[in-house]
Amino acid sequence: MKRVFSGIQPTGNLHLGNYLGAIRNWVRMQDEAECIFSVVDLHAITVAQDPATLRRGIREMVAALIAAGLDPERCILFPQSRVRVHAELAWVLMCTARVGWLNRMTQFKEKSGKDREGASVGLYTYPVLQAADILAYRATHVPVGEDQKQHLELARDIAIKFNNDFGPSFGGELFPPPEPVIEGPATRVMSLRDGSAKMSKSDPSDQSRINLTDDADTIAAKIKRAKTDPEALPSEPAGLAGRAEATNLVNLMAALTDRSIAQVLADHGGQGFGAFKPALADVMVAKLAPITARFNALKDDASAIEAICARGADRARAIAEPVLADVHRAVGFTA
Ligand code: TRP
């Protein structure tokens, strides 16, 4: 049986990169498999967080996910900290994961930077908590970005070692090793100011990204100012080689209209950016306006959001608690 789990950090507002890269996939997967999606607030505190900002971030991320099309009736959606199994299972799995495995994690090296000694222990063990997120539900498929591939490998290694260590005495496989479902390269959304950098909420320039809260005028203005080159669009994909900014805008058009790059170029090849950019802005606005409207209507409705979180957490617990009970039996805490 196929069961999907994925997580997203409550990092303030969603942008177009989150939407086209991850969220849109999640929305699609709701209809194809049993899906469990979590706003991973336990992961968020591995780096410093202001409590009021975190609280708002969690609420807004839940609202944004619903606005983007997650249906709390068709998937399980909840903030991670509401289901204690995540933290409890993470402890047990920290005793399965090896220091040598964690020492190879490139994201810890990047995030801790020069001050490794000053990083939190939580940042170091972050990937073990991520493995617990997945394994607590015996999830089989995990949609993630390319940058999470190594963490998924680790989750598999942990599952396999746990199965080897405790499966024989338990009398069966405890965890199916989860498979990553890597987002396609076509949906890698780059900065509007620099075609070689990922669109990111932490870019100091707001011009570099399209926020899911931007109104139509803002979107049009940002696309108009997006960095490009002076040449017209080619009529075939090969003509985009070495043109990172042009590639990004064509990718965006393809993703937003569910067409291939080749199809977009067949329609728009020969056009200059003076013509292409307004066309792109139009489809972007058409796609985002309903999401923005739903987000704005929901984000300040604290009781509606609370009801979604509470019910999602209840449903998540119903799956994860029996798994943790198996783990307790397997390691010898209980008979
Ligand atoms: N680390 C993931 C990211 O930054 C978020 C995450 C936490 C996650 N737990 C997860 C993703 C479990 C997939 C499965 O994108």
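Here, every reference points to the structure presented above.
One structure accompanies this document, and this report is about it. (Residues numbered from 1 in each chain as written. Predicted model: local features only at pLDDT ≥ 70, side-chain atom pairs only at ≥ 80, totals over all residues. Heavy atoms only, no water.)

Considerations on the packing of aromatic side chains
- This structure, assessed with the given rule, holds 7 aromatic pairs.
- Ring centres of F5 and Y137 lie 5.4 Å apart, and the angle between their planes is 15°; this geometry places the pair in the stacked category. With F5 in strand β1 (residues 3–8) and Y137 in the loop between α7 (121–135) and β4 (141–144), the pair connects residues that are 132 residues apart, well separated along the chain.
- With relative accessibility at 2%, the residue F5 sits in the buried group. (Phe/Tyr/Trp six-rings, centres within 6.5 Å; stacked < 30°, edge-to-face > 60°. Helix = DSSP H or I, 4+ residues; strand = E, 2+ residues; numbered from the N terminus. Buried < 20%, exposed > 50% of the residue type's maximum accessible area, 1.4 Å probe, protein only.)

Observations regarding the environment of H151
- Within the secondary structure, H151 sits in helix α8 (residues 149–170).
- Looking at H151, the relative accessible area reads 3%, which means it is buried.
- The spacing of H151 and D215 is 64 residues in sequence and 36 Å in space, taken between C-alpha atoms.
- Setting aside its immediate chain neighbours within four residues, H151 contacts M105, Q107, Y126, P127 and Q130. (Contact = heavy atoms within 4.5 Å.)

Structural notes on the nonpolar core
- In this structure, L16, L65 and M284 are the most contacted members of the largest nonpolar core, which totals 61 residues.
- Per-element accounting of this core gives the leading share, 10 residues, to helix α3 (residues 51–68).
- Residues from two domains meet in this core; each of domain 1 (3–188 + 301–331) and domain 2 (206–296) gives at least three. (Core = buried A, V, L, I, M, F, W, Y, C linked by side-chain atoms within 4.5 Å. Domains from an automatic or database assignment.)

What to know about the pattern of salt bridges
- Evaluated as defined, the whole model comprises 19 salt bridges.
- With its nearest N and O atoms 3.1 Å apart, the salt bridge here joins D71 to R74.
- For D206, the salt bridge identified is with R209, shortest N-O distance 3.5 Å.
- Judged by relative accessible area, which is 34%, D206 ranks as partly exposed.
- Judged by relative accessible area, R209 falls into the buried class, the value being 9%.
- Here the salt bridges do not stand alone but share partners, grouping D206, R209, D214 and K222 into one network. (Salt bridge = Lys/Arg side-chain N within 4 Å of Asp/Glu carboxyl O.)

Some thoughts on the site of the ligand
- In the neighbourhood of the ligand, the contacting residues comprise F5, S6, G7, V40, H43, Y126, Q130, D133, I134, V142, V144 and Q148.
- One nitrogen or oxygen atom from the side chain of Y126 is found 2.7 Å from a nitrogen atom belonging to the ligand.
- Within the side chain of Q130, a nitrogen or oxygen atom sits 2.9 Å from a nitrogen atom of the ligand.
- Burial of the ligand by the protein amounts to 88% of the accessible area it has alone, namely 370 Å².
- When atoms are counted within 2 Å of each cavity's grid points, the one that captures over half of the ligand is the largest pocket. (Near = heavy atom within 4 Å. Polar contact = N/O pair within 3.5 Å; in protein donor to acceptor, adjacent residues only side chain to side chain. Areas by Shrake-Rupley, 256 points an atom, 1.4 Å probe, with all protein chains shown as cover. 1 Å grid on protein atoms, 1.4 Å probe; cavity = no way out; pocket = protein on both sides within 12 Å on 5 of 7 lines; lining within 4 Å. Sits in = over half its atoms within 2 Å of the grid points.)

Focus on the layout of surface pockets
- Empty space within the largest pocket amounts to approximately 1400 Å³.
- Along the wall of the largest pocket there are 50 residues; nearest its centre are Q9, N18, D147, Q148 and K198.
- Mapped by element, the contributors of at least two residues to the lining of the largest pocket are β1, α1 (16–29), α2 (41–44), α3, α6 (106–112), α7 and β4.
- Of the residues that constitute the lining of the largest pocket, the class distribution is 19 nonpolar, 22 polar and 9 charged. (Points joined across faces, edges and corners; volume = space filled by probe spheres on them. Nonpolar A, V, L, I, M, F, W, Y, C, P; charged D, E, K, R; others polar.)

Some points on the state of the cysteines
- All told, the structure shown has 0 disulfides when counted by the stated rule.
- Unpaired in terms of disulfides, C35 finds its nearest cysteine sulfur in C75, a separation of 6.8 Å. (Disulfide = S-S within 2.5 Å.)

Details of the pairing of β4
- As paired elements, β4 and strand β5 (residues 179–182) share 4 bridges and run parallel to each other. Paired with P143 across the two strands is V181, which belongs to β5.
- For the segment spanning β4, α8 and β5, crossover handedness is right-handed. (Pairing = 2+ DSSP bridges. Right-handed = clockwise from strand over helix to strand, strands pointing away.)

Some words on the environment of Q30
- Structurally, Q30 can be placed in the loop between α1 and β2 (34–39).
- Remark: the alpha-carbon pair of Q30 and E73, spanning 43 residues in sequence, is separated by 9.8 Å.
- Those residues in contact with Q30, other than ones at most four positions away along the chain, are C35, G69, L70, D71, R74 and C75.
- Of the polar contacts made by the side chain of Q30, one reaches the backbone oxygen of V27; its length is 3.2 Å.
- Here D71 takes part through its backbone nitrogen, which lies 2.6 Å from a polar atom of the side chain of Q30.

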